[in-house]
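Listed here are the chains, written in short residue letters.
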Amino acid sequence: MFAAELLKDQVAVITGGGTGIGLAIARRLGTLGARIVIASRQSENLEHGWHSLRESGIDALAVQLDVRKPEQVDEMVLRTVKHFGSLDILVNNAAGNFISRAEELSPNGWDAVIGIVLNGSFYCSRAVGQYMIARKRGGSIVSILANYVWTGSAGTVHSAAAKAGVMSMTQTLAVEWASHGIRVNAIAPGPIESPGAAKQLWDTDEAVERITNMVPLRRWGKPEEVADTLAFLVSAHAGFITGEILTIDGGAWLGRGTFGFLDGK
Ligand code: HXC
Ligand code: NAP
């Protein structure tokens, strides 16, 4: 599908790149020739991700950080450029989420998710954008949203509000930074197989079945499918695409019409 060296000489930072969708993205960009930085809080996630990338022959660096700490984010950008000599692609993938009724959500619970998703994506985009603007060679930023940016999401008001904020940030930065050759896009996935999300959001067979039935294609997406979409967006194939939100959800958000499926399933 893609030329083997599509991303040769590119350096990509993936926040939350040690697990789930982030690791699939790191592996995909790496197998296309990019050098990879994975960045997150927990050393066990980073070690697991780093070893699995190295086993695939990918040149990778792991950086421990909390995206809620702007000074750690700035330091990560410096380390990346010092280690690999460049930074061309940023993937804002780190996220936190859990199910809570809005009226029961504590201010700390709200702050935790808004801090990781909205503030963290801005801190990372800001630090990387500053670097890309100064070096005058453009770049590409992609944020991972969720398909409920189009609908809201009962049970996860913190995440829905944060992801919608990142969507607006994406559209805003796409225009602000276009003159610097920086493309800014986002992907809005529906349900994707991932142990981290499953633990937080669908830990019973009933929940999995209910969610599957909400997807017109009647299956879950694979992390690799998100990764392939992202590889396209950061590549030269998508050179005229900026400010775009690409939904990858098997038709799930469109399936929410008044009558649902006419066969009742
Ligand atoms: C209610 C909860 C809670 C829960 C935490 N809190 N979990 N409230 N129900 N299940 C509250 C705590 O009580 C606390 O408030 C506040 O949130 C902060 O909790 P901490 O544990 O101190 O936060 P922190 O260590 O920063 O951890 C952040 C986290 C955690 C978001 C709470 O779950 C996390 O680190 N998650 C990362 C991985 C993750 O969530 N992955 C799934 C992404 S999937 P109080 O008031 O008690 O102090 C995804 C998919 C969406 O986003 C799309 C699907 C279609
Ligand atoms: P995941 O494995 O739990 O990924 C979340 C990642 O974020 C972890 O690697 C975690 O690593 C990192 N992270 C969390 N808080 C962080 C912080 N403060 N600083 C730095 N890193 C942090 O779940 P996933 O399903 O792969 O999710 C990946 C992305 O896809 C998220 O943006 C999620 O919202 C989005 N998404 C997922 C689905 C789905 O169905 N799975 C659907 C729509 C959108 P550490 O714990 O090591 O920090």
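As a convention, each chain's residues are numbered from 1 in the sequence order in which they are written. Chains carry letters and ligands carry numbers; both start at the beginning, A for chains and 1 for ligands, and go up in the order they are written. Residue-level local features of this predicted model are given only where pLDDT is at least 70; pairs of side-chain atoms are given and counted only at 80 or more, and the full residue set underlies all totals for whole chains, interfaces and linings. To obtain the side-chain values, all non-hydrogen atoms of the structure were used and water was disregarded.

(A) Focus on the side chain of threonine 229. Secondary structure elements are defined from DSSP: runs of H or I of at least 4 residues count as helices, runs of E of at least 2 residues count as strands, and each element is numbered from the N terminus. For threonine 229, the position within the fold is in helix α8 (residues 223–234). Here a residue-residue contact requires only that any non-hydrogen atoms of the pair lie within 4.5 Å. When neighbours within four sequence positions are excluded, threonine 229 is seen to be in contact with Ile187, Leu246 and Ile248.

(B) Examining the environment of arginine 183 more closely. With respect to the secondary-structure elements, arginine 183 resides in strand β6 (residues 182–189). For the pair arginine 183 and threonine 170, spaced 13 residues apart in sequence, the C-alpha separation works out to 9.4 Å. Residue contacts for arginine 183: discarding those within four places in its chain leaves Gly139, Ser140, Ile141, Leu233, Val234, Ser235, Ala238, Gly239, Ile241 and Thr242. Here leucine 233 takes part through its backbone oxygen, which lies 2.8 Å from a polar atom of the side chain of arginine 183. We define a polar contact as two N or O atoms separated by no more than 3.5 Å, with the added condition that, inside protein, one atom must be a possible hydrogen donor and the other a possible acceptor, whereas residues neighbouring each other in sequence contribute only through side-chain atom pairs.

(C) The pairing of strand β1 (residues 11–15), seen in detail. Remark: exposure states derive from per-residue accessible area (1.4 Å probe, protein chains only) relative to the maximum for the residue type, with buried under 20%, exposed over 50%, and partly exposed in between. With five of five residues buried, β1 is to be regarded as a mostly interior element. Both faces of β1 are covered, namely the face carrying Val11, Val13 and Thr15 and the face carrying Ala12 and Ile14. Paired strands, as defined in this entry, are two strands with at least two bridges between them according to DSSP. Here β1 pairs with strand β2 (residues 35–40) via five bridges, running parallel. Bridge pairing in β2 places valine 11 opposite arginine 35. With three bridges joining them, β1 and strand β4 (residues 89–92) adopt parallel strand pairing. What sits directly across from valine 13, in β4, is leucine 90.

(D) Looking closely at the packing of helix α1 (residues 20–31) against α8. Interaxial distance between α1 and α8 falls to 8 Å at its minimum, and their mutual angle equals 50 degrees. By the angle class used here, α1 and α8 are oblique. Once α1 is placed against α8, the crossing between them reads as right-handed. Two secondary-structure elements touch here, α1 through Gly20, Ile21, Ala24, Ile25, Arg28 and Leu29 and α8 through Pro223, Glu224, Val226, Ala227, Asp228, Leu230, Ala231 and Val234. By the convention adopted, Pro, Cys, Tyr, Trp, Phe, Met, Ile, Leu, Val and Ala count as nonpolar, Lys, Arg, Asp and Glu as charged, and the other residues, Gly among them, as polar. Split by residue class, the contact of α1 with α8 holds 10 nonpolar, one polar and three charged. Simply put, an axis is a line fit to the C-alpha atoms, just over the touching stretch for a helix, and the angle between two N-to-C directions goes from 0 to 180 degrees. Small angles under 35 degrees read as roughly parallel and large ones over 145 as roughly antiparallel, with 65 to 115 read as roughly perpendicular and the rest as oblique. Each helix crossing is assigned a hand: it is left-handed if the near helix lies turned anticlockwise from the far helix by less than a right angle, otherwise right-handed if that turn is clockwise.

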